[in-house]
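Results of the structural survey
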Amino acid sequence: MRSSSPLPRMSRRGRVTIAVLVGVFVLFTLLGWGVQAWTDWLWFDEVRYTEVFTGVLLTRLLLFLAVGLGMAVIVGGNLWLAYRLRPRLRPHSVEQATLERYRMALSPRLGTWISLTAAVIGLFAGLSAQGRWNQWLLFRNGGDFGIKDPEFGVDIGFYVFQLPFWRYLLGVAFTAVVLAVIGALAVHYLFGGVRLQGVGDRMTNAARAHLSSLVAVFVLLKAIAYVLDRRAMLLEYNEGAKLYGAGYADVNALLPAKEILAYISIVVAIAIIVFSNAWMRNLVWPGISLALLGVSAVAIGGIYPWAVQTFEVKPSAKDKEAPYIQRSIDATRAAFGLGGTETTPYAANNLTPPANLATDTSVVSNVRLLDPQLVSETYTQLQQVRGFYDFGPKLDIDRYGVNGKTSDYVVGVREINYGELTDQQNTWINRHTVYTHGYGLVAAPANQVVCGGQPFFVSGFLGEKTQEACSSQTEQIPAKQPRIYYGERMNEDDYAIVGQADPNKKAEFDRPVGDGGGESYTYTGEGGVEIGSFPRRLLYAIKEQESNFLLSEAVNKDSKLLYVRNPRDRVEKVAPFLTLDGDPYPAVVDGRVQWIVDGYTTAASYPYAERVNLREETTDELTGRGTFQLARENVNYIRNSVKATVDAYDGTVKLYEFDDTDPVLKAWNKAFGGDLVLPKKDIPVELAEHLRYPADMFKVQRNLLTKFHVTNPGDFYSAQDFWQVPNVPDAPDSGQKQPPYYLFTEFPGQEGPRFQLTSAVTPNGRQNLAALISGSYVDGQPRLEVLELPDQTRISGPVQVHQQMTNNANIRQQLNLLSSNQAQVQYGNLLSLPFANGMLYVEPVYVKSNQQDAYPLLQKVLLSYGDGGSFVALADNINDGIKQLVDQGKRAGQGAPPPTTGGNPPPTTGGNTPPPLTGELATAADRVQAAITEVRAAQTSGDFERYGRALKALDEALTAFQQAQREASPSASPSGSPSPTPSGSPAGTPSGSPSAGTGG
């Protein structure tokens, strides 16, 4: 029989060669996996989180074996069953004669072929399943939320913890049945159970029973899918309401349709079994049953809901969708922590700088002037000392109590930047055993500059200080251990080998002292994996593909290997179930430098909640400039449940529970033994003083609040009260959103200054100010607050204020003097500060020389009060600027004309503030302001075509304003018509109309 095989036999040498190649491949694959697993175990043992390593590894292995074996058994079993059900006698035909050669080739080793096929399918199924370890752990350990969905009354925990894994298992079952049907059909055809030619039945009774049973199982799985789809409908997008969650047509048409289709599927499955095997024993009626199921799915599940949506919902969508819009609003606010948002009306109707602005101690004295992004270069140049030190592209904001006063500080860590090592320094010995760490946390008060615009450094000094006026003479924020072995500038390949057998031999460069010299140091911390033994050195030589682990004398019996040194990567490895904030920040806690990383628990299956993409929602001007970009993860639930710390010296990682009500965190903690995350009460008091509202979560909440501050479903549907996040004020055409900023200040309604994250928002499609949103911690609990301005206000927004201040003729002249061919002007954070029922805007102005290694220096401060254009000042410091604003306010109150600054004259109505415009007059005034802003922007851009269009639009807007004014007061007539001057500023304003500085 073998001699008649149509397939040629491979030579013995060929078989041996293939066996050797396969063996080598498997050996190196297993070796790589083994080395990775062993080194991971050692790393987790170092940080004392081995329960995470073993928990994840065992879960992956369990899923791999369970799903892989299950898939292999189902598919392989059906292939073997199809072979066993083959007919003993086959009619002679050309078709069977053709198949005979394949039967002869496969039959001798059919068991091997079936086993091999099943093993390959099981392998891929297992590999896919092991990636679902997180869903399985939540499935096993998840509990209740204590909140029920509004449609079925099922606890939210079912959707978050159970539904995702049930849907995955259903998908696996569908795949297994489909593969079984295909494989069984192929075997039946090969061995004559299914024929395409010849006389008699095309299928044997055994083959028909086998295949029809598999099809019936598939239809029964479809019935289960319809049941799960009913629950999953609460997660789908509702096109009618433009929100997530089942809408009117879904609940009243598609939901009952799914239930009907589930029953029809069960009936069809029974019919397939009965008609195929027990009664008529043919495939005609089973085929008709399947066809009816398909027609029912289209008609009941497709056409009927479409008809309801088209003819019943669309004509009156606002009323029909109102209850379901309310569900989405409530669910979104609950899922994203917006339910407790405190909204306070803020009239902002005071347009004149008050006298107490000059004596204030809660807002003005705490105004932050240092921009953490701009002064990073300044820190690097003034505190670098050596070229390989670096502070990164962006610093951080934190608050400290110094000399009995709490204020915010700009802080940065002096780290080693391995990319800046010279060619001579960048040897393996130097890179990994000499330049191992940075030194010191450098801080400066955020509201103070010295020595011509430099920060006033108060900590993190390397050696003697010579400029007494330019820095503190003592460590005001002392760190007992200032060395930085773990930091944000560390990449995956930046491992360090530390430790010496000889206590007198110190190989690590510690810090520079004197003229070109430096101190040496030997690491004494508990961090690092011991690599003194030969097996460990061999292990890491293989892992890092570096022979120096074995050959270099720098590696000794007391050596330790420090790796995974980036604090964010370190926390991510310890807690892979967390989504981490993109901006870790350092703090001195109990004399040690600690990195603080905010961890989020997320979910994507909260019923009716809005679904957002974390990368899109958190991207702004600072993304990638000192902050990490988040993954493209779609979520509809988020909690800042964990505060993680990483010790900058020994790498110790601690996870502290922050939201003790989060069911998702409770499930994860239970999955890893119950004590993975330390309870909230264990957060040290000194650490709690440095916790801050996380930036990425605030961005997500802020962006959602631009819509979901509207809680009335009718108003939400009309979308007329939606807000938007403004673009960067000094570069609005870039399309980048203005980042939120940290301030230590007091907002109206707050009992005292508070460290809070703040952002301004504007009406959708407009540029005037709509609200200020702030996030802070009060008594250890997060608090979101909104200061909402009236709808009719025209207080300028950030983009308008920047344009109005910088386009003021006198200010523009001074700014032009600051910038030249040898220097450039850079603008810091534009701060929006509510004060005395008005708005105070502060924007620091930096100047950076074009010379090599130059750094920005704070030279001026731009200030504005009121509507953004009437009272503006450019001063050398904040106190002089406040004085100028107050003086301008006094002149306006006395009815005197303002000083000739090229700005817009305030209304000459004595000390009385003109009443706000309403109705058509307010709309026309907004149009005038928008046109003036565009004229200024066009002139600044140098685009003459755009400038011409802008002038034409301004003329049309002024005509419309005058017409509206005549209709509002027929007896009054405008005393003048504003017209753009060459500088882009209006030469005059209509009587009773807003000045050119008011928002629009």
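Per-chain numbering applies: the sequence of each chain, read as written, is numbered from 1 onward. Thresholds applied to this predicted model are a pLDDT of at least 70 for local features of residues and 80 or more for the giving and counting of side-chain atom pairs; totals over whole chains, interfaces and linings are not thresholded and use all residues. Note that water and hydrogens are dropped before the side-chain values are worked out from all heavy atoms of the structure.

**Remarks on the overall build of the protein**
Only runs of H or I of at least four residues qualify as helices and only runs of E of at least two qualify as strands under DSSP, and these elements are numbered from the N terminus. The number of helices and strands found in the protein is 26 helices and 34 strands. Only protein chains enter the area calculation, which uses a 1.4 Å probe; residues under 20% of their type maximum are buried, those over 50% are exposed, and those in between are partly exposed. In the protein, which comprises 1000 residues, the proportion classed as buried is 53%. Contact between two residues is taken to exist if any of their heavy atoms lie within 4.5 Å; hydrogens are not considered. Looking at the protein alone, contacts between residues at least 24 apart form 68% of all its contacts between residues at least 6 apart. Where accessible areas are quoted, they stem from the Shrake-Rupley method and a 1.4 Å probe; at the residue level, only the protein chains shown are allowed to cover. Of the roughly 44,200 Å² that the protein leaves accessible, carbon and sulfur atoms contribute 55%.

**Quick notes on the sheet that holds strand 6 (residues 405-413)**
Any two strands with at least two DSSP-identified bridges between them are counted as paired. Strand order in the open sheet formed by 3 strands is 5-6-9, with antiparallel pairing between adjacent strands. Strands with a single pairing partner mark the edges of an open sheet, and in this sheet they are strand 5 (396-402) and strand 9 (441-445). On average, each strand axis in the sheet is tilted by 45 degrees relative to the strand beside it, whichever way the strands run. Here strand 6 pairs with strand 9 via 5 bridges, running antiparallel. Bridging across to strand 9, valine 413 finds its partner in leucine 441. Axis lines are fitted through C-alpha atoms, for helices just across the contact stretch, and the angle between N-to-C directions can take any value from 0 to 180 degrees. Relative to the sheet, helix 12 (residues 375-383) contacts strand 6 and strand 9, its axis offset from that of strand 9 by approximately 120 degrees.

**Some thoughts on the state of the cysteines**
Disulfides are defined as cysteine sulfur pairs within 2.5 Å. Across all of its chains, the model carries 1 disulfide by this definition. Disulfide pairing is shown between cysteine 451 and cysteine 470; the S-S distance is 1.8 Å. With the S-S bond torsion at -105 degrees, the cross-link from cysteine 451 to cysteine 470 turns out left-handed. Placement of cysteine 451 in the loop between strand 10 (449-450) and strand 11 (454-455) and of cysteine 470 in the loop between strand 11 and strand 12 (483-484) is noted, with a sequence separation of 19 residues between them.

**Notes on the sheet that holds strand 13 (residues 496-498)**
Working definition: the strands of a sheet are paired by backbone hydrogen bonds and lie parallel or antiparallel to each other. With antiparallel pairing, 3 strands are arranged side by side in an open sheet as 13-17-16. In this open sheet, the two strands that pair with only one neighbour each are strand 13 and strand 16 (529-530). In the sheet, strand 16 pairs with strand 17 (residues 560-562) via 2 bridges, with the strands oriented antiparallel. Within strand 17, the residue paired with valine 529 across the bridge is leucine 561.

**What to know about the pairing of strand 20 (residues 592-603)**
Counting buried residues in strand 20 gives 11 out of 12 residues, a clear majority hidden from the surface. Of the strand pairs in this sheet, strand 18 (residues 579-580) and strand 20 are connected by 2 bridges, and their pairing is antiparallel. Following the sheet pairing, leucine 580 is matched in strand 20 by glycine 599. Across 5 bridges, the pairing between strand 19 (residues 585-589) and strand 20 is antiparallel. Note that in strand 20 the partner of alanine 587 across the bridge is glutamine 594.

**Some points on the environment of serine 819**
Inspection of the secondary structure assignment puts serine 819 in the loop between helix 23 (809-818) and strand 30 (823-827). Given a relative accessible area of 28%, serine 819 falls into the partly exposed group.

**Observations concerning a negative patch on the surface**
Exposure above 30% relative accessible area and the absence of a salt bridge qualify a residue for a patch, where like charges join within 9 Å and nonpolar side chains (Val, Leu, Ile, Met, Phe, Trp, Tyr) within 5 Å. Every case where a carboxyl oxygen of Asp or Glu lies within 4 Å of a side-chain nitrogen of Lys or Arg is listed as a salt bridge. Residues scored as positive are Lys and Arg, those scored as negative are Asp and Glu, and His as well as the terminal groups of each chain are ignored. Where a charge sits is defined by one atom per residue type, namely NZ (Lys), CZ (Arg), CG (Asp) or CD (Glu). A cluster of acidic residues, Glu492, Asp493, Asp569 and Glu572, forms a negative patch on the protein surface. Residue position: glutamate 492 is located in the loop between strand 12 and strand 13. The exposure class assigned to glutamate 492 is exposed, which follows from its relative accessible area of 72%.

**Observations regarding the side chain of glutamine 756**
Looking at where glutamine 756 falls in the secondary structure, it is placed in strand 27 (residues 754-763). The buried category is assigned to glutamine 756, whose relative accessible area is 0%. As used in this structure description, the phrase polar contact means that two N or O atoms lie within 3.5 Å; if the pair is within protein, one of them must be able to donate a hydrogen and the other to accept it, and residues adjacent in sequence are counted only when both atoms belong to side chains. Of the polar contacts made by the side chain of glutamine 756, one reaches the backbone oxygen of threonine 745; its length is 2.9 Å. Within the structure, glutamine 756 has its side chain in polar contact with the side chain of serine 774 (distance 3.4 Å). When residues no more than four places from it in sequence are discounted, the contact partners of glutamine 756 are Tyr741, Tyr742, Leu743, Thr745, Glu746, Phe747, Gln750, Ser774, Gly775 and Ser776.

**Details of helix 11 (residues 322-335)**
To estimate how far a helix should reach, multiply one less than its number of residues by 1.5 Å. In a regular helix each residue adds 1.5 Å, so 14 residues correspond to 20 Å; helix 11 covers 20 Å between its end C-alpha atoms and thus fits that length. Where burial is concerned, most of helix 11 is hidden: 10 out of the 14 residues are buried. For helix 11, the set of buried residues is Ala322, Tyr324, Ile325, Arg327, Ser328, Ile329, Ala331, Thr332, Arg333 and Ala335. Once helix 11 ends, the next one or two residues include glycine 337, with phi positive near 70 degrees.

**Some points on the pairing of strand 19**
The element strand 19 is largely enclosed, with a buried count of 5 among its 5 residues. With burial as the criterion, each face of strand 19 is covered, one bearing Tyr585, Ala587 and Val589 and the other bearing Pro586 and Val588. Here strand 19 folds back onto strand 20, and the loop between the two strands holds 2 residues, one of which, aspartate 590, carries a positive phi near 55 degrees.

**Quick word on the packing of helix 5 (residues 133-141) against helix 18 (residues 663-671)**
Between helix 5 and helix 18, the least distance of the axes is 9 Å, while the angle of their chain directions is 100 degrees. Considering the angle they form, helix 5 stands roughly perpendicular to helix 18. Counted together, Trp133, Asn134, Leu137, Leu138 and Asn141 of helix 5 and Ala667, Trp668, Lys670 and Ala671 of helix 18 form the full contact between these two elements. Any angle that is under 35 degrees is reported as roughly parallel, and any over 145 degrees as roughly antiparallel; angles of 65 to 115 degrees are reported as roughly perpendicular and all others as oblique.

**Here we look at the packing of aromatic side chains**
Stacked, tilted and edge-to-face are the three classes assigned to paired rings of Phe, Tyr and Trp, where Trp is represented by its six-membered ring and a pair needs centres within 6.5 Å; plane angles under 30 degrees give stacked, over 60 edge-to-face, the rest tilted. Taken as a whole and judged by the stated rule, the model has 41 aromatic pairs. Seen in terms of ring centroids, tyrosine 83 and phenylalanine 191 are 5.1 Å apart; in terms of plane orientation they differ by 80 degrees. Their pairing is edge-to-face. Placement of tyrosine 83 in helix 2 (residues 50-84) and of phenylalanine 191 in the loop between helix 6 (156-190) and helix 7 (205-232) is noted, with a sequence separation of 108 residues between them. In this structure phenylalanine 191 comes out as buried when scored by relative accessible area, which is 3%. Seen in terms of ring centroids, phenylalanine 716 and phenylalanine 722 are 5.0 Å apart; in terms of plane orientation they differ by 70 degrees. Their pairing is edge-to-face. Under the relative-accessibility criterion, phenylalanine 722 is labelled buried at 11%. Definition used: whenever NZ (Lys) or CZ (Arg) falls within 6 Å of the ring centre and also within 35 degrees of the ring normal, the charge is taken to sit over that ring. The ring of tyrosine 226 carries lysine 222 above its face, with NZ or CZ at 5.2 Å from the centroid. In this arrangement the basic side chain of lysine 680 is found over the ring face of phenylalanine 658, its NZ or CZ atom lying 4.7 Å from the centre.

**What to know about unusual backbone geometry**
Notably, cysteine 451 is not glycine yet its phi reads approximately 50 degrees, a positive angle. The phi dihedral of valine 564 falls on the positive side, at around 55 degrees, and the residue is not glycine. As for its placement among the helices and strands, valine 564 is situated in the loop between strand 17 and helix 16 (567-574).

**Thoughts on helix 4 (residues 110-130)**
Over its 21 residues, helix 4 extends 30 Å from the first C-alpha to the last, a length consistent with the 30 Å expected when each residue adds 1.5 Å. Within helix 4, burial applies to Leu110, Ile114, Ala118, Gly122, Ala125, Gly126 and Ala129. Summarising the axial view, the buried residues of helix 4 lie within an arc of 115 degrees, below the 170-degree limit, and thus occupy one face. Exposed residues on helix 4 whose side chains face more than 90 degrees from its buried face are Thr112 and Phe124. By construction, the arc corresponds to the directions joining the helix axis to the C-beta atoms.

**Looking at the environment of glutamate 377**
Residue placement: glutamate 377 occurs in helix 12. Put simply, glutamate 377 and leucine 857 are 480 residues apart on the chain and 9.9 Å apart in space, counted from C-alpha to C-alpha. In this view, glutamate 377 contacts Lys848, Ala854, Tyr855 and Pro856; residues no more than four positions away in its chain are not counted.

**Some remarks on the pattern of salt bridges**
Using the criterion set out here, one finds 30 salt bridges in the structure. A salt bridge links arginine 783 to glutamate 342, with the shortest nitrogen-to-oxygen separation between them at 3.7 Å. Residue arginine 783 is located in strand 29 (residues 781-788), and its partner glutamate 342 is located in strand 3 (residues 342-345); the two are separated by 441 residues in the primary sequence. Take glutamate 342: its relative accessible area is 35%, and that puts it in the partly exposed class. When salt bridges with common partners are traced through the structure, they connect Lys394, Asp396, Asp583 and Arg692 into a single cluster.

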